[in-house]
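Each chain, written out:
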Amino acid sequence: MPSVNIDIVSDVMCPWCYIGKKRLEQALSKLPDDIDVDVRWRPYQLDPTLPKEGKDREQYLSEKFGGSERAKQIYANIVDAGREENIPFDFEAIAVSPNTLDAHRIIRWAASEAPGVQDRLVDLLFKAFFIEGKNIGDNDVLLDAAEQAGMDRAITESLLVGQADCLEVEQEIEVARKMGVTGVPCFILDNKYAVMGSQAADILSNAISDVAKEKETAAASEAL
């Protein structure tokens, strides 16, 4: 059966994207053995106006939600959803709301590494932010994650301190917006179909299976 390409438009400061990642992992485990997938992480910024150094979390929550108490009410549902996916969200540990542009640059570079490196990096960045409360806009935090994922730290640092791929990442985000992506996560299957939001594993696996079957049918028709 043909392989299915999955592009995940995501932001590493989005809790639903972390939940979506876990649900996708479950979905992939449900697929028949003859369906291969190629997963790529694509950039999106929920708040591109944040400065490089980030913004104090309390100030950010006050501006965004009207205060930390209102944020706790909103995050309660996310904590419950995370618990179902074995994600121990610790929002109170987060001191800084980060600008994620540099995180997306490194995620972009990780796509050129060995299979699995990009996915490990994304997972490490989600964990660093949502569980450990680290500032994932900080260069040292990013380089630690990149190295742990299997990337060369010195090479990554030499790229990170410059402007490599800043414009490319911003352009890719703009393309996603022009395609109609207004929220994340968004799972794009074979550049044709989109599954919006952090959907249940069964919904994702069924959608991937349907695309694989459609490709198989089309290939068989072309062979006639």
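Parameters and conventions
Each chain has its residues counted from 1, running along the sequence as written. Since the coordinates come from a predicted model, pLDDT governs what is reported: local features require at least 70, and pairs of side-chain atoms require 80 or more to be given and counted, while whole-chain, interface and lining totals use all residues. To obtain the side-chain values, all non-hydrogen atoms of the structure were included, while hydrogens and water were left out. Fitted lines through C-alpha atoms give the axes, limited to the stretch in contact for helices. The angle between two N-to-C directions lies from 0 to 180 degrees. Numbered from the N terminus, helices here are DSSP runs of H or I no shorter than four residues, and strands are runs of E no shorter than two. By the definition adopted for this analysis, an angle is roughly parallel if under 35 degrees, roughly antiparallel if over 145, roughly perpendicular if from 65 to 115, and oblique otherwise. Whether a crossing is left-handed or right-handed is set by the direction in which the near helix is turned from the far one by less than a right angle, anticlockwise for left-handed and clockwise for right-handed. Whether two residues are in contact is decided by their heavy atoms: any pair within 4.5 Å suffices. When residues are sorted by character, Ala, Val, Leu, Ile, Met, Phe, Trp, Tyr, Cys and Pro go into the nonpolar class, Asp, Glu, Lys and Arg into the charged class, and all the rest, Gly among them, into the polar class. Here the term buried applies to any residue with accessible area under 20% of the maximum for its type, exposed to any over 50%, and partly exposed to those in between, with areas from a 1.4 Å probe on protein chains only. Pairing between strands requires that DSSP locate at least two bridges from one strand to the other. When the strands point away from the viewer, a crossover counts as right-handed if the route from the first strand across the helix to the second turns clockwise. Here, the arc refers to the directions that run from the helix axis to the C-beta atoms. Residues adjacent in sequence count toward polar contacts only when both atoms are side-chain atoms; beyond that, a polar contact is any pair of N or O atoms within 3.5 Å, and within protein one must be able to donate a hydrogen and the other to accept it. Within this scheme, the nonpolar core is defined by two criteria: the residues are buried Ala, Val, Leu, Ile, Met, Phe, Trp, Tyr or Cys, and they are joined through side-chain atoms within 4.5 Å. Should a side-chain nitrogen of Lys or Arg be within 4 Å of a carboxyl oxygen of Asp or Glu, the pair is scored as a salt bridge.

Engineer: Explain the packing of helix H5 (residues 117-130) against helix H6 (residues 139-149) here, please?
Structural biologist: Each pair of packed helices gets described by two things: the angle between the helix axes and the distance between those axes. H6 packs onto H5 with a crossing angle of 140° between their chain directions and a minimal axis gap of 9 Å. What the angle tells us is that H5 and H6 run oblique. In the packing of H5 onto H6, the handedness of the crossing is right-handed. Contacts between H5 and H6 involve Val117, Arg120, Leu121, Leu124 and Leu125 from the first element and Leu142, Ala145, Ala146, Gln148 and Ala149 from the second. Taken together, the residues that form the contact of H5 with H6 break down as eight nonpolar, one polar and one charged.

Engineer: I'm lost on the pairing of strand E1 (residues 4-10) in this one. Help?
Structural biologist: Both faces of the sheet carry side chains from a regular strand, because those side chains alternate between them. Of all seven residues in E1, six are buried, a share of seventy percent or more. Note that E1 and strand E2 (residues 37-43) share seven bridges and pair parallel. The partner of Asn5 across the bridge, within E2, is Asp38. The β-α-β motif built from E1, the intervening helix H1 (residues 15-30) and the parallel element E2 has right-handed crossover chirality. Bridging between E1 and strand E5 (residues 186-189) involves four bridges; their strand directions are antiparallel. Its bridge partner being in E5, Val9 is matched across the sheet by Cys186.

Engineer: Sorry, what's going on with helix H2 (residues 57-65) here?
Structural biologist: Residues of H2 that are buried: Arg57, Tyr60 and Leu61. Taken around the axis of H2, the buried residues stretch over an arc of 95°, which confines them to a single face. Lining the buried residues of H2 we find strand E3 (55-56), helix H3 (68-84), strand E4 (96-97) and H5. Its side-chain oxygen 3.1 Å from the backbone nitrogen of Glu58, Asp56 forms the N-cap of H2. At the exit of H2 stands Gly66, carrying a positive phi of roughly 90°.

Engineer: It is not clear to me how the sheet that holds E5 should be interpreted in this structure. Could you clarify?
Structural biologist: Whenever strands of a sheet pair, they do so through backbone hydrogen bonds, lying parallel or antiparallel. Taken together, the four strands give an open sheet; going across it, the order is E2-E1-E5-E6, and neighbouring strands pair in mixed fashion. The strands lining the two open edges of the sheet, one partner per strand, are E2 and strand E6 (193-196). With direction set aside, neighbouring strand axes in the sheet form an average angle of 20°. Lying over the sheet, H5 contacts E1 and E2, oriented at roughly 45° with respect to E2.

Engineer: Is there a simple way to explain the nonpolar core in this structure?
Structural biologist: Here is a general trend for soluble globular proteins: nonpolar side chains tend to be buried in one another's company. Leu121 and Leu125 are the most contacted members of the largest nonpolar core, which has 68 residues in total. Ranked by residues supplied to this core, first place goes to H5 with nine residues. Ignoring any residue separated from it by four or fewer positions in sequence, one finds Leu121 in contact with Ile106, Ile107, Ala110, Ala145, Ala146, Ala149 and Met151.

Engineer: Would you mind going over H6 with me for this structure?
Structural biologist: Because an α-helix completes one turn every 3.6 residues, residues spaced three or four positions apart along the sequence face the same direction. For H6, the full list of buried residues reads Val141, Leu142, Leu143, Ala145, Ala146 and Ala149. Against the buried residues of H6 lie helix H4 (101-110), H5 and helix H7 (153-160). The N-capping residue of H6, defined by a side-chain oxygen 3.0 Å from the backbone nitrogen of Asp140, is Asp138. In the stretch just after H6, Gly150 is the one whose phi turns positive, near 120°.

Engineer: Explain the pattern of salt bridges here, please?
Structural biologist: Where charged atoms of side chains with opposite charge meet at close range, the side chains can pair. The final tally for this structure, using the stated rule, is 21 salt bridges. Arg108 is paired through a salt bridge with Glu172; the nearest N and O atoms lie 3.1 Å apart. With Arg108 in helix H4 and Glu172 in helix H8 (residues 166-178), this residue pair connects regions lying 64 residues apart in the sequence. Assessed through its relative accessible area of 32%, Arg108 is described here as partly exposed. For Asp190, the salt bridge identified is with Lys215, shortest N-O distance 2.9 Å. You can see Asp190 sitting in the loop between E5 and E6 and its partner Lys215 sitting in helix H9 (residues 201-223), a full 25 residues away along the chain. The buried category is assigned to Asp190, whose relative accessible area is 13%. Judged by relative accessible area, which is 27%, Lys215 ranks as partly exposed. A cluster of three or more residues bridged by salt bridges with shared partners is formed by Asp7, Arg42, Arg108, Asp165 and Glu172.

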